[in-house]
Amino acid sequence: MRLDMPASPAAAPALETRGLAKSLGGIPIARGIDFRLETGERRALIGPNGAGKTSFINLVTGHLAPSSGRIWVGGEDVTALPPEARVKRGIGRTFQINTLFAALSVLENVLLPLSERRGIAGRMFRAAAADAGLAEEGWALLERLGLAEDAARPVRELPYGRQRLVEIAIAIALRPKVLLLDEPAAGVPSAEAGIIIETIAGLPRDIAVLIVEHDMDLVFRVARRITVLVQGAVLVEGTPSEIAADPRVRAVYLGEAAAS
Amino acid sequence: MSAEAAPLTAAPSAAVAAILGRHRLRAVEALPWLCAGLGFFALPDYLALGSQILIMTLFAMSLDLVLGYAGIVTLGHAAFFGTGAYVAGILALHGWSEPISALAIAGAAAGLLGVATGLIVLRARGLALLMLTLVVAEMLQEAANKLGWLTGGTDGLQGITIAPLLGRFDFDLFGRTAYLYSLAVLLLAWWLVRRIVHSPFGHSLTGLRESAIRMRAIGAPVFRRRLRAYAVSAALAGIAGALLTQTTQFVGLQVLSFELSGTVLVMLVLGGIGRLYGAFIGAPLYMIAQDQLAKQDPVNWLFWIGLLLVLIVFFARGGILGLVDRILMAMGRRCA
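All of these numbers come straight from a predicted model, not from anything done at the bench.

Undergrad: I would appreciate a short explanation of the pattern of salt bridges in the present structure.
TA: Side chains carrying opposite charge are able to pair once their charged atoms draw close together. Within this structure, the stated rule accounts for 24 salt bridges over all chains. Close ionic contact of Glu16(A) with Arg36(A) constitutes a salt bridge, the shortest N to O distance being 3.9 Å. In this pair, Glu16(A) is assigned in strand 1 (residues 15-24) and Arg36(A) in strand 2 (residues 27-37), connecting sequence segments 20 residues apart. Assessed through its relative accessible area of 5%, Glu16(A) is described here as buried. The shortest N-O distance in the salt bridge between Glu29(B) and Arg194(B) comes to 2.7 Å. Within this pair, whereas Glu29(B) is found in the loop between helix 1 (14-20) and helix 2 (31-42), its partner Arg194(B) is found in helix 8 (residues 176-197), the two being separated by 165 residues in sequence. Here Glu29(B) matches Arg194(B) in class, with each residue buried. Each of Glu16(A), Arg18(A), Arg36(A) and Glu38(A) takes part in salt bridges that share partners, so that together they form one network.

Below, the structure written as structure tokens:
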């Protein structure tokens, strides 16, 4: 029994990790990460390439198992839970590289997570369309994200920027408590990035959002606090202006710029 | 909520309504059954072939559920077909000659085998999965070959007698009872599979086919879903195999063969995978072509099937139904 465990679920942060460590092939990708994300917080996770940002997300979602350390979601220890069980506890994520149901329509792409969230996805003998409110909720979500006009189109026919929006729509459909966005605007032309930034900025206030991003415009626009990850460890955490002024952060980024 | 977002579509479009209404029966779906009914009256000399077509259609439809919907690529589906066939044969030779209950038992046995082997093979993906499904079927065939006291070995099971259907209809020499029995079973199985593919579970199978990683990330128990699809498919394949035993009164080792697994795959690809009706096009086409070509050109008939398959793969991805879809779409565009 650890004395420093979160006291009660009510006061517990949306997401917390302590001493999270992981090595892949002898190379440490997470070195004792202590991280805390409060309910409704907007946080950016930045760091040079290979800092372990995506690995950290994979550890939190359960796609990677940590060598040591623990993870809590809303005060509950989820370290031993498989990814699908963590989703039920409120973890939602998007992928850095589009991971969509490419041959299915945009509408079906959001109906799948909605069915999972409602717990009806295992039902075999009733038409999916018979579920009251399911299609309506999917439709409302697409309208909110400006995807309604493409609802019937297969996702693979959409332009890349619209596909990134579907990436987010699938995660939002789960109504997560903690939303992990892995470079949501990566590769999106700046003309199309606006709708993605607006969507993220307009997320309900009770969702805690962690956004991994290189685009500093987006980071400053969305995040109130920033965590800087370097070589699998937290270098510093602070407000955007603190981070922008921090000499260590500048050294890391300048060093990277000089190396490349 | 999004009142400020400029032009809003007020209501879901016709295309969206079409997606949501896909579970509703359309008139064109009566076509296979009309053809099957017509065949019964118009071609009384071909009812034996007709029964085999219906059985292979059922087998190919069972494969479509795992391959076309769940994206589980298997080259060993004959394992379940053959298990059903042998179970029905062994039951009949040991005095259990009532056909419908034997059919249910054979289906259950094949379904259980689907669970047992699925627990192992479904942990693999891609080529490894393909090899494992193949190995399971090969092992079963070898077992059936060795267990001569139970399976008749290379001689197969002969002298099978089946009691009259529902206690009234004898399995006659002309194959009338066999045909209508196979048709009724196919109709029931089609109804079941159709319900499944339009259910939330069926939709989640297409999700698994498209991206298992994403399905996991939205909270789906991926392995359990695949296993359930595999078991249902195996049970249906077993029922198809049992039907073959009951309607031909014979079981041979070929029901477990790699060749049969390949043939049913070819049938499905010809018709179009992941469309429910691919089996209803591919199986009859293959069987009729085989019947006719084997008469015309008994040495090379397989070559013509192969040529047809090559043409389909090159020019009509999505099989014949995919081709029909594209022609209809092109015509619709011209009319609009």
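Still to come is the rest of the account.
Undergrad: Whenever I open this one, the sheet that holds strand 2 of chain A confuses me. Can you help?
TA: Residues and elements named next belong to chain A. On the basis of which strands lie adjacent, the open sheet formed by 4 strands has the order 2-1-4-5 and antiparallel pairing. The sheet terminates laterally at strand 2 and strand 5 (76-77), the two strands that pair on one side only. In this sheet, strand 5 lies alongside strand 4 (residues 68-73) in antiparallel orientation, the contact comprising 2 bridges. Bridge pairing in strand 5 links Trp72 to Asp77. Packed on one face of the sheet, helix 1 (residues 53-61) meets strand 1, strand 2 and strand 4 and runs near 115° to strand 1.

Undergrad: Could you clarify how one ought to interpret helix 5 (residues 160-173) of chain A in this entry?
TA: For the α-helix, the turn length of 3.6 residues means that residues three or four positions removed from each other point alike. Residues and elements named next belong to chain A. For helix 5, with 14 residues, the first-to-last C-alpha span of 20 Å sits near the 20 Å given by 1.5 Å per residue. Burial within helix 5 is extensive, with 13 of its 14 residues counted as buried. At the exit of helix 5 stands Arg175, carrying a positive phi of roughly 45°.

Undergrad: Looking at this model, I keep getting lost on the sheet that holds strand 8 (residues 208-212) of chain A. Mind explaining?
TA: In any sheet, the strands associate via hydrogen bonds between backbone groups, in a parallel or an antiparallel arrangement. All names here are of chain A. Spatially, 6 strands are ordered 6-7-8-3-9-10 in an open sheet, and the strand pairing comes out mixed. The open sheet has two edge strands, strand 6 (91-93) and strand 10 (233-238), and neither has a second partner. Going across the sheet, the axis of each strand differs from the next one's by a mean of 20°, ignoring polarity. Pairing of strand 6 with strand 7 (residues 178-182), which is carried by 3 bridges, proceeds in the parallel orientation. Bridging across to strand 7, Ile91 finds its partner in Val178.

Undergrad: Sorry if this is basic, but what is going on with the nonpolar core here?
TA: One recurring pattern in soluble globular proteins: nonpolar side chains tend to sit buried together. If you look at the biggest cluster of nonpolar residues, it comprises 159 residues, and the most contacted ones within it are Ile200(A), Leu58(B), Met61(B) and Tyr86(B). In terms of residue count, the dominant contributor to this core is helix 3 (residues 47-69) of chain B (14 residues). Every residue in contact with Leu58(B), bar those within four places of it in the chain, is listed here: Val185(B), Leu186(B), Ala189(B), Leu236(B), Ile239(B), Ala240(B) and Leu243(B). Counting 25 residues, the second largest nonpolar core, distinct from the first, contains Ala14(A), Leu15(A), Ile29(A) and Leu37(A).

Undergrad: Is there a simple way to explain the environment of Ala279(B) in this structure?
TA: All names here are of chain B. Here Ala279 is to be found in helix 13 (residues 278-296). Taking the C-alpha atoms as reference points, Ala279 and Phe59, separated by 220 residues in sequence, lie 8.1 Å from one another. Those residues in contact with Ala279 that sit more than four places away from it in its chain are Thr57, Ala60, Met61, Leu268 and Pro284.

Undergrad: Help me understand the packing of helix 3 of chain B against helix 11 (residues 222-248) of chain B, please; the structure alone is not making it clear to me.
TA: When two helices pack together, their arrangement is given by the angle between the helix axes and the distance between those axes. All names here are of chain B. It is at 8 Å that the axes of helix 3 and helix 11 come closest, and there the two elements cross at 170°. As far as their axial angle goes, helix 11 and helix 3 are roughly antiparallel. For the pair helix 3 and helix 11, contact is made by Gln52, Ile55, Leu58, Phe59, Ser62, Leu63, Leu65 and Val66 and by Ala229, Tyr230, Val232, Ser233, Leu236, Ala237, Ile239, Ala240, Leu243, Leu244, Thr247 and Thr248, respectively. For the contact of helix 3 with helix 11, the residue count by class is 15 nonpolar, 5 polar and no charged.

Undergrad: Help me understand the side chain of Ser182(B), please; the structure alone is not making it clear to me.
TA: Residue and element names in this part refer to chain B. Relative to the assigned elements, Ser182 resides in helix 8. Looking at Ser182, the relative accessible area reads 1%, which means it is buried. When neighbours within four sequence positions are excluded, Ser182 is seen to be in contact with Ser51, Leu54, Ile55, Leu243 and Thr247.

Undergrad: Would you take a moment to explain the interface of chain B and chain A for this structure?
TA: Buried accessible area, meaning the area lost when the parts come together, often serves as the stated size of an interface. Tallying the contact residues gives 40 residues for chain B and 44 residues for chain A. Around 3500 Å² of area is buried between chain B and chain A when both sides are counted, 66% of it from carbon and sulfur atoms. Along the contact surface separating chain B from chain A lie 4 salt bridges. We note a salt bridge from Glu84(A) to Arg216(B), for which the minimum N-O separation is 3.3 Å. The interface formed by chain B and chain A holds 14 residue pairs in polar contact (both at pLDDT 80 or more) in total. At the level of elements, helix 1, helix 8, helix 9 (200-210), helix 10 (212-217) and helix 11 of chain B are the ones that each hand at least two residues to the side of chain B that touches chain A. Among the elements that take part in the side of chain B that touches chain A, helix 9 of chain B stands out by supplying 8 residues, more than any other.

Undergrad: Teacher, can you tell me more about helix 4 (residues 134-144) of chain A here?
TA: A large share of helix 4 of chain A lies buried, amounting to 8 of its 11 residues. For helix 4 of chain A, the full list of buried residues reads Leu134(A), Ala135(A), Glu137(A), Gly138(A), Trp139(A), Leu141(A), Leu142(A) and Glu143(A). Next to the buried residues of helix 4 of chain A lie helix 3 (106-118) and helix 5 of chain A together with helix 1 of chain B. Once helix 4 of chain A finishes, Gly146(A) follows within two positions and takes phi at roughly 70°, a positive value.

Undergrad: What is the right way to look at the packing of aromatic side chains in this model?
TA: Aromatic ring pairs are described here by two measures, namely the spacing of the ring centres and the angle between the planes. Residue and element names in this part refer to chain A. Applying the stated criterion to the full structure yields 10 aromatic pairs over all chains. Ring centres 5.2 Å apart and planes at 65° place the aromatic pair Phe35 and Phe56 in the edge-to-face group. Taken together, the residues Phe35 in strand 2 and Phe56 in helix 1 connect sequence positions 21 residues apart. Residue classification places Phe35 among the buried positions, given a relative accessible area of 3%. Phe56 sits in the buried class, given a relative accessible area of 2%.

Conventions and cut-offs
- Numbers given for residues are sequential positions, taken from 1 along each chain in its written order.
- Lettering for chains starts from A, numbering for ligands starts from 1, and both go in the order in which the items are written.
- Where totals are concerned, whole chains, interfaces and linings use all residues; where local detail is concerned, this predicted model gives features only for residues with pLDDT of at least 70, and gives and counts side-chain atom pairs only at 80 or more.
- Calculation of side-chain values draws on the structure's entire complement of heavy atoms; hydrogens and water are dropped beforehand.
- Here, a salt bridge means any side-chain nitrogen of Lys or Arg that lies within 4 Å of a carboxyl oxygen of Asp or Glu.
- Put simply, DSSP H or I for four residues or longer makes a helix, DSSP E for two residues or longer makes a strand, and each gets a number counted from the N terminus.
- Each residue is placed in one exposure class: buried if its accessible area under a 1.4 Å probe, protein chains only, is under 20% of its type's maximum, exposed if it is over 50%, and partly exposed if it falls in between.
- Note on pairing: two strands pair once DSSP finds at least 2 bridges between them.
- Contact between two residues is taken to exist if any of their heavy atoms lie within 4.5 Å; hydrogens are not considered.
- Fitted lines through C-alpha atoms give the axes, limited to the stretch in contact for helices. The angle between two N-to-C directions lies from 0 to 180 degrees.
- Here the expected length of a helix is defined as 1.5 Å per residue gap, with one fewer gap than residues.
- Joining through side-chain atoms within 4.5 Å is the link that ties buried Ala, Val, Leu, Ile, Met, Phe, Trp, Tyr and Cys residues into a set, and such a set is a nonpolar core.
- What sets the label is the angle itself: under 35 degrees gives roughly parallel, over 145 gives roughly antiparallel, 65 to 115 gives roughly perpendicular, and the rest give oblique.
- Under the grouping applied here, Gly and all other residues not named as nonpolar or charged are polar, the nonpolar ones being Ala, Val, Leu, Ile, Met, Phe, Trp, Tyr, Cys and Pro and the charged ones Asp, Glu, Lys and Arg.
- The term buried area denotes the loss of accessible surface (1.4 Å probe radius) that occurs when two parts are joined, taken as the sum for both partners.
- Any pair of N or O atoms that falls within 3.5 Å is considered a polar contact. Within protein, one atom must be able to donate a hydrogen and the other to accept it, and sequence-neighbouring residues count only if both atoms are side-chain atoms.
- Pairing of aromatic rings covers Phe, Tyr and Trp, the last through its six-membered ring, and needs centres within 6.5 Å; plane angles under 30 degrees mean stacked, over 60 mean edge-to-face, and all others mean tilted.

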